[in-house]
Amino acid sequence: MPVKTKEYSPFSRGSLVQSASDLYMALGDEEASVVPQGTVGLVVDRDFSHDGNNVLVEFLRGEKWWVRLNEIEPYIR
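The rules behind the values
Residues numbered from 1 in each chain as written. Predicted model: local features only at pLDDT ≥ 70, side-chain atom pairs only at ≥ 80, totals over all residues. Heavy atoms only, no water. Helix = DSSP H or I, 4+ residues; strand = E, 2+ residues; numbered from the N terminus. Buried < 20%, exposed > 50% of the residue type's maximum accessible area, 1.4 Å probe, protein only. Polar contact = N/O pair within 3.5 Å; in protein donor to acceptor, adjacent residues only side chain to side chain. Contact = heavy atoms within 4.5 Å. Core = buried A, V, L, I, M, F, W, Y, C linked by side-chain atoms within 4.5 Å. Pairing = 2+ DSSP bridges. Axes fitted to C-alpha atoms, helices over the stretch in contact; angles between N-to-C directions.

J.: Before we go on, may I ask you to explain the side chain of T39 in this structure?
T.: Position of T39 relative to the elements: it lies in the loop between β3 (34-35) and β4 (40-47). Accessibility expressed as a relative area gives 13% for T39, which makes it buried. For T39, the side chain forms a polar contact with the main-chain oxygen of P36, separated by 2.7 Å. Excluding residues within four positions of it along the chain, T39 makes contact with V17, Q18, S19, F59 and L60.

Given below as structure tokens:
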């Protein structure tokens, strides 16, 4: 029997993602400038104006960062 499925992007708004490696911010103090590998976040927005590879992610620590798609991966339990 056929099953109804819905296809969606793993990086669309509301998707859970995790950092693929340590992410560093150029500004700020040392403690707030690193998101460790594996930190879970929620995709808040996506920038389609240039190449579409930038997403705004709010990580569990409450920090919102613009990251590239190669810096995050889908969160799979």
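J.: Honestly, the nonpolar core in this entry has me stumped. Any pointers?
T.: A general feature of soluble globular proteins is that nonpolar side chains tend to end up buried together. The biggest cluster of nonpolar side chains holds twelve residues, and these are F11, V17, L23, V35, V43, V55, V57, F59, W65, V67, L69 and I72. For this core, the secondary-structure elements that each account for two or more residues are β5 (54-59) and β6 (64-68). Broken down by element, the residue count for this core peaks at three residues, all from β5. In this structure, V67 is in contact with L23, N53, N54, V55, V57 and I72, ignoring residues within four places of it in sequence.

J.: Where do I start with the side chain of E63 in this structure?
T.: Along the polypeptide, E63 turns up in the loop between β5 and β6. A distance of 3.2 Å separates a polar atom in the side chain of E63 from a polar atom in the side chain of W65.

J.: It is not clear to me how the environment of N54 should be interpreted in this structure. Could you clarify?
T.: Here N54 is to be found in strand β5. Residue N54 is classed as buried on the basis of its relative accessible area, which comes to 18%. Separated by 14 residues in sequence, N54 and R68 place their C-alpha atoms 4.6 Å apart. Excluding residues that lie within four positions of it along the chain, N54 makes contacts with R46, D47, W66, V67 and R68. A polar contact is formed between the side chain of N54 and the side chain of R68, at a distance of 3.4 Å.

J.: Would you mind going over the sheet that holds β6 with me for this structure?
T.: Strands belonging to one sheet form pairs held by backbone hydrogen bonds; the direction of such a pair is parallel or antiparallel. An order of β6-β5-β4-β1-β7 is seen for the five strands of this open sheet, with the pairing classed as antiparallel. Lying at the two open borders of the sheet, with one neighbouring strand each, are β6 and β7 (72-74). When the angles between neighbouring strand axes are averaged without regard to direction, this sheet yields 45 degrees.

J.: I keep staring at the pairing of β5 and nothing clicks. Help me out?
T.: Moving residue by residue along a regular strand, the side chains alternate between the two faces of the sheet. Most of β5 is tucked away, with five of its six residues classed as buried. Sheet topology places β4 next to β5; six bridges connect them, and they run antiparallel. The residue of β5 that forms the bridge with D47 is N54. Bridge count between β5 and β6: five bridges; the pairing is antiparallel. Paired with E58 across the bridge in β6 is K64. Between β5 and β6, which pair antiparallel one after the other, the connecting turn spans four residues, and G62 there sits at a positive phi close to 85 degrees.

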